[in-house]
Amino acid sequence: MTTTGGGQPVLSGGRVRLRPWRAEDVPAVLDACQDPEIQRWTQVPVPYGPADAEAFVSVVAPRTWAEGGALFAVVRIDDDALVGSMGLFPPADGVGELGYWTAPGHRGQGLTVEALRVLADWSLGVVGVHRVELLVDPANTASRSVAARAGFVAEGTIRQRFRHRGRPADVVLHARLAGDTPDG
């Protein structure tokens, strides 16, 4: 892990790096968020336009850091290509909620699993939360698989836990505790 001037850190795994968002990431964010699966499973605006990508990088990410969370660009270490987005929302009561999306061309390679482990380790070890959670739509089998492979335990379905596109939606609560060790 490295930080620059007390700012948001850069976190590294074997193949991915989680770094603060940069202005030059806006086109890649805009492109990724056109993906129907990202729009289906996340809270990104639909339709997703250039102003949305610009606001995410220049307003939402810095505001999340200022409020005690962190939004990271997930990039491949070898070429800095954008893999996706991963974030810790501002924790409360020692619990942090994580969220992510993966750009279509980088799915199925284990990169998101690695990034999720890195973020969970940092959240539990450095940030100091005792629990990190993921709230995943029960039908989102790819995301549920990522969570399990990153060492998160599915604790159950919470009915109508949040609103998605204006409608109540169920979620499967996945969690990892400070004492848990991901299997690999």
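Report follows, based on the coordinates. Everything numeric in this text was worked out from a predicted model, so none of it was measured. (Residues numbered from 1 in each chain as written. Predicted model: local features only at pLDDT ≥ 70, side-chain atom pairs only at ≥ 80, totals over all residues. Heavy atoms only, no water.)

### A few points about the environment of Tyr48
At step 1: Along the chain, Tyr48 turns up in the loop between α2 (36-41) and α3 (50-66).
At step 2: Not counting residues up to four positions away in its chain, the partners in contact with Tyr48 are Val29, Leu30, Cys33, Gln34, Gln39, Ala53 and Phe56.
At step 3: A polar atom in the side chain of Tyr48 sits 3.5 Å from the backbone oxygen of Asp52. (Helix = DSSP H or I, 4+ residues; strand = E, 2+ residues; numbered from the N terminus. Contact = heavy atoms within 4.5 Å. Polar contact = N/O pair within 3.5 Å; in protein donor to acceptor, adjacent residues only side chain to side chain.)

### Focus on unusual backbone geometry
At step 1: Each neighbour pair has its own omega, and for Val46 with Pro47 the value is 0°, a cis peptide bond.
At step 2: Along the chain, Pro47 falls in the loop between α2 and α3.
At step 3: Positive phi, normally seen in glycine, also occurs at Asp93, with a value near 55°.
At step 4: By secondary structure assignment, the location of Asp93 is in the loop between β4 (82-88) and β5 (95-102).
At step 5: Non-glycine residue Gln160 carries a positive phi angle of around 45°.
At step 6: Inspection of the secondary structure puts Gln160 in strand β7 (residues 153-164).

### Describing the pairing of strand β2 (residues 16-19)
At step 1: As paired strands, strand β1 (residues 11-12) and β2 are joined by two bridges and run antiparallel to one another. Counted as the bridge partner of Ser12 is Arg17 from β2.
At step 2: Remark: three residues form the turn of the hairpin made by β1 and β2, two consecutive strands paired antiparallel.
At step 3: The pairing of β2 with strand β3 (residues 70-76) spans four bridges and is antiparallel. Bridge pairing in β3 links Val16 to Arg76. (Pairing = 2+ DSSP bridges.)

### Quick notes on α3
Working note: α-helix, 3.6 residues per turn, so residues spaced by three or four point in the same direction.
At step 1: If you check α3, its first and last C-alpha atoms are 24 Å apart, about what 17 residues at 1.5 Å a residue would give, namely 24 Å.
At step 2: Turning to α3, its buried residues are Ala53, Phe56, Val57, Ala61 and Thr64.
At step 3: Elements in contact with the buried residues of α3: α1 (26-32), β3 and β4.
At step 4: Gly68 sits one or two positions beyond α3 and adopts a positive phi of about 105°. (Expected span 1.5 Å × (residues − 1). Buried < 20%, exposed > 50% of the residue type's maximum accessible area, 1.4 Å probe, protein only.)

### Details of the nonpolar core
At step 1: In terms of nonpolar packing, the biggest core is built from 28 residues, with Leu18, Met86, Leu98, Leu116, Leu119, Leu134 and Phe152 touching the most fellow members.
At step 2: The set of elements that each furnish at least two residues to this core consists of β2, β3, β4, β5, α4 (111-127), β6 (131-136) and α5 (141-149).
At step 3: Among residues more than four places away in sequence, those in contact with Leu98 are Gly87, Leu88, Phe89, Leu116, Leu119, Ala120, Ser123, Val132, Glu133, Leu134 and Phe152. (Core = buried A, V, L, I, M, F, W, Y, C linked by side-chain atoms within 4.5 Å.)

### Quick word on the layout of surface pockets
At step 1: Approximately 1,200 Å³ is the volume attributed to the largest pocket.
At step 2: For the largest pocket, the lining is made up of 47 residues, of which Trp41, Thr42, Gly99, Tyr100 and Trp101 are closest to its centre.
At step 3: Counting only elements with at least two residues in the lining of the largest pocket, the list comes to α2, α3, β4, β5, α4, β6, α5 and β7.
At step 4: No other element matches β5, which puts six residues into the lining of the largest pocket.
At step 5: Partitioned by chemical class, the residues of the lining of the largest pocket number 24 nonpolar, 16 polar and seven charged. (1 Å grid on protein atoms, 1.4 Å probe; cavity = no way out; pocket = protein on both sides within 12 Å on 5 of 7 lines; lining within 4 Å. Points joined across faces, edges and corners; volume = space filled by probe spheres on them. Nonpolar A, V, L, I, M, F, W, Y, C, P; charged D, E, K, R; others polar.)

### Concerning the sheet that holds β6
At step 1: Pairing in this open sheet of eight strands is mixed, and the strands run β1-β2-β3-β4-β5-β6-β8-β7 from one edge to the other. Looking at strand neighbours, the two that pair on one side only are β1 and β7, the edges of this open sheet.
At step 2: Two strands pair when backbone bridges link them, and β7 and strand β8 (residues 167-177) are joined in this way by eight bridges, in the antiparallel orientation. Its bridge partner lying in β8, Thr157 is registered against Val172.
At step 3: Relative to the sheet, α3 contacts β3 and β4, its axis offset from that of β3 by approximately 120°.
At step 4: Packing against the sheet, α4 makes contact with β1, β2, β3, β4, β5, β6 and β8, and its axis sits at approximately 30° to β4. (Axes fitted to C-alpha atoms, helices over the stretch in contact; angles between N-to-C directions.)

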